[in-house]
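# Structural features, examined
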Amino acid sequence: MSETYRQTIGRKVVSRASAQELGPVSDLLYDARRRRISGLVLGHGRKARIVDWSQVSGFGPDAILVSDDDALREPAGEREEQAGKGKLSLVGARVLTEKGNEIGTVDDIVFDPADGSVVALLLGDRELPATALLGAGSYAAVVSADQDTAI
């Protein structure tokens, strides 16, 4: 079974230990090198908090369960701070080939909720396998040159 970025945004995060709602997901932290979702972002700006993917213990249609209230932490480092401000979202990013040709915009991300591994990027009606993704930053996502075909 797979999930998408758009299905996940807004889903509440709940502590398994206390049954307290910690907040809704505002973004996903993405690790381009490992092609995985590395964490959940809750809140925005100075109020943004991070839940590491390792703390996710259940992924249901209505809520995401985490081990306990301590799973929620302050952003660590510039990358996570930028993610908390919404500046590193992969969805909406331009997609360039490694040759510099623009081939579209990321409309959604398909991932496995069991381990956070990214399966594919959706660009309109086009699906790119996660293995095509070489890197991602605040300017664009870069994919292998063999993806450089007409959409």
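Look up a bit, the structure's there.
In short, a report on the structure.

Attention now moves to the pairing of strand 15 (residues 140-143). Two strands pair when backbone bridges link them, and strand 9 (residues 94-97) and strand 15 are joined in this way by four bridges, in the parallel orientation. The residue of strand 15 that forms the bridge with Leu96 is Val142. By the bridge criterion, three bridges tie strand 14 (residues 133-136) to strand 15 in an arrangement that is antiparallel. Counted as the bridge partner of Leu133 is Val143 from strand 15.

Before going further, it helps to examine unusual backbone geometry. Look at Ala19: it is not a glycine, yet its phi comes out positive at around 65°. Along the chain, the position of Ala19 falls in the loop between strand 2 (12-15) and strand 3 (21-31). Taking relative accessible area as the criterion, Ala19 reaches 59% and is therefore assigned exposed. Positive phi, close to 55°, is recorded for Arg35, a residue that is not glycine. Examined against the element boundaries, Arg35 turns out to sit in the loop between strand 3 and strand 4 (36-42). The exposure class assigned to Arg35 is partly exposed, which follows from its relative accessible area of 27%.

What follows is about the nonpolar core. Leu40 and Ile109 are the most contacted members of the largest nonpolar core, which has 32 residues in total. Breaking this core down by element, the ones donating at least two residues are strand 3, strand 4, strand 6 (56-59), strand 7 (63-66), strand 11 (108-111), strand 12 (118-123) and strand 15.

With respect to the helices, strands and loops of the structure, Asp62 is situated in the loop between strand 6 and strand 7. Distance in space between the C-alpha atoms of Asp62 and Leu133 is 30 Å, their sequence separation being 71 residues. In this structure, Asp62 is in contact with Arg11 and Lys12, ignoring residues within four places of it in sequence.

Criteria and cut-off values
- Residues numbered from 1 in each chain as written.
- Predicted model: local features only at pLDDT ≥ 70, side-chain atom pairs only at ≥ 80, totals over all residues.
- Heavy atoms only, no water.
- Pairing = 2+ DSSP bridges.
- Helix = DSSP H or I, 4+ residues; strand = E, 2+ residues; numbered from the N terminus.
- Buried < 20%, exposed > 50% of the residue type's maximum accessible area, 1.4 Å probe, protein only.
- Core = buried A, V, L, I, M, F, W, Y, C linked by side-chain atoms within 4.5 Å.
- Contact = heavy atoms within 4.5 Å.

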